[in-house]
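Now for the letters of each chain:
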Amino acid sequence: MSLTAGIVGLPNVGKSTLFNAITKKNILAANYPFATIDPNVGVVTVPDKRVEVLENMYIPERTIPTTYEFTDIAGLVKGASNGEGLGNKFLSHIREVDAVVEVVRCFNDENIIHVDGTVEPIRDIEVINVELVLSDLEIVMSRINKIGKKAMTTKDKKDIKEIELLNKIKDALEKNIPVRKLELSYDEKKMISSFNLITLKPIIYALNVDEENINTGNDYTKKVQEYAKNEGSETVIICAKLESELSELTDDEKKAFLNELEIKESGLDQLIHKTYKLLGLATFFTVGSDEVRAWTFRKGMKAPECAGIIHSDFERGFIKAEVMSYDDLVEAGSELKVRENGKARIEGKEYLMQDGDICHFRFNV
């Protein structure tokens, strides 16, 4: 189960530089709008120290961490919802992601042209957010126009419920309120899932600063952090230029460099962890001498569903799961000791998987 985040932002805010860093791909990062015309997809591993510990315990033939997929999407401009710039293309690509990472320029540099002439992060955020709201509003209005008369004529309960929900969303969007702030129920979200509303997706603001402000932030970042807090969104301070430099180093060199800068965790690692948390994701493991592997699942999933992440047959023929927790294994030192301590468990179909579970699934098809 991979996680996909779309990296968005106005032109020249550091989007492509950040993407270059996190995927080590040499896509075009030019100092002019629309340098990235088609979406670029890159996959990075999710940093998890537990994988390294399990690898040292089992000495497997191969180790496979979970992955995180980034899609770099062409720079947005004002009027995108009406087709300005690469608007329609931008908006169609962003509908396909699980979360939105909005890169916000929080640095001054006379050599890098700002599309609007000056650095104003809140203005930049609102330019993008308005375009996303208008795009969602167009979809909602189209659907209302399509089934509204039918619902009134047939009195179909399902159609009436949908119209009521769509009108609720329409009223919010017209007030510039994103759909994610409406706190919709599971059934309501399911009802509109096919529309892929952008403003329903969780958002993280990646505040791109220069190296001098990486630890402390600046006046720009403080404004955005306050803005994000008021709308219930996350922020992470990141220096795209620094991340680009880090991407060229070995793991040991990277650790030494970060220590020198008194940085505990790179901006990219913070971004991944915060996105995981935002999407309600967690990790379970499968271990053995052949393979140690980390798997991503959504909190609230039951054991058979998680087994299905590995292979559909595992879910279809699920019998039970042998489970131990990562913490219990590390504390005991071996699987044998976990069993002797009475910490190994047999769980059935109703078991809710927990972060850090180490599983062996029994199945029969």
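Residues numbered from 1 in each chain as written. Predicted model: local features only at pLDDT ≥ 70, side-chain atom pairs only at ≥ 80, totals over all residues. Heavy atoms only, no water.

Participant: I keep staring at the overall build of the chain and nothing clicks. Help me out?
Facilitator: Looking only at helices and strands, the chain has 14 helices and 12 strands in total. Look at the contacts in the chain between residues 6 or more apart in sequence, and 69% of them connect residues 24 or more apart. For the chain, the accessible surface area stands at approximately 18,900 Å², while carbon and sulfur atoms represent 48% of it. (Helix = DSSP H or I, 4+ residues; strand = E, 2+ residues; numbered from the N terminus. Contact = heavy atoms within 4.5 Å. Areas by Shrake-Rupley, 256 points an atom, 1.4 Å probe, with all protein chains shown as cover.)

Participant: Help me understand the nonpolar core in this model?
Facilitator: One recurring pattern in soluble globular proteins is that nonpolar side chains are buried together. In this structure, I22, Y68, F70, I94 and Y205 are the most contacted members of the largest nonpolar core, which totals 54 residues. Contact partners of F70, with chain neighbours within four places excluded, come to A5, I7, F19, I22, N40, V41, G42, V44, L268, L271 and I272. (Core = buried A, V, L, I, M, F, W, Y, C linked by side-chain atoms within 4.5 Å. Buried < 20%, exposed > 50% of the residue type's maximum accessible area, 1.4 Å probe, protein only.)

Participant: Please clarify how helix α11 (residues 303–310) should be interpreted in this entry.
Facilitator: Counting along an α-helix, one turn takes 3.6 residues, and residues three or four places apart therefore face a common direction. Regarding α11, the residues found buried are A303, P304, C306 and A307. Taken end-on, α11 shows its buried residues confined to a sector of 160°, consistent with a single buried face. Looking at the buried side of α11, the elements it contacts are β8 (281–286), β9 (291–298), α12 (312–316), β10 (318–325) and β12 (357–363). (Arc of directions from axis to C-beta.)

Participant: Looking at this structure, I do not really get the confidence of the model for the chain. What am I missing?
Facilitator: Detailed reading of the predicted model is not advised wherever pLDDT is low. Here the chain averages 86 in pLDDT, and 89% of its residues register 70 or above. Every residue in residues 25–37 is under pLDDT 50, and counting partners more than four places away or in other chains gives 34 contacts. (pLDDT = per-residue confidence, 0-100.)

Participant: Sorry, what's going on with the pattern of salt bridges here?
Facilitator: When charged atoms on two side chains of opposite charge get close, those side chains can pair. Enumeration over the complete set of coordinates arrives at 20 salt bridges. The closest approach of N and O atoms between R50 and D48, which form a salt bridge, is 2.9 Å. A salt bridge links R339 to E335; the nearest nitrogen and oxygen atoms lie 3.4 Å apart. Placement of the pair is R339 and E335 together in helix α14 (residues 335–340), with a separation of 4 residues, close to one helical turn. Since its relative accessible area comes to 25%, E335 is described here as partly exposed. One connected set of salt bridges, linked through shared partners, spans D48, R50 and D355. (Salt bridge = Lys/Arg side-chain N within 4 Å of Asp/Glu carboxyl O.)

Participant: Even after reading the chapter, I still don't get the packing of helix α4 (residues 121–154) against helix α5 (residues 157–174), so can you show me in this structure?
Facilitator: The description of two helices packed together rests on the angle between their axes and the distance between the axes. Where α4 contacts α5, the axes come no closer than 9 Å and their chain directions differ by 150°. With respect to α5, the element α4 is oriented roughly antiparallel. For α4 against α5, the interelement crossing comes out left-handed. Only D159, I160, E162, I163, L166, N167, I169, K170, L173 and E174 of α5 make contact with α4, whose side of the interface consists of V133, D136, L137, V140, M141, R143, I144, I147, G148, K150, A151 and T154. (Axes fitted to C-alpha atoms, helices over the stretch in contact; angles between N-to-C directions. Parallel < 35°, antiparallel > 145°, perpendicular 65-115°, else oblique. Left-handed = near helix turned anticlockwise from the far one by under 90°.)

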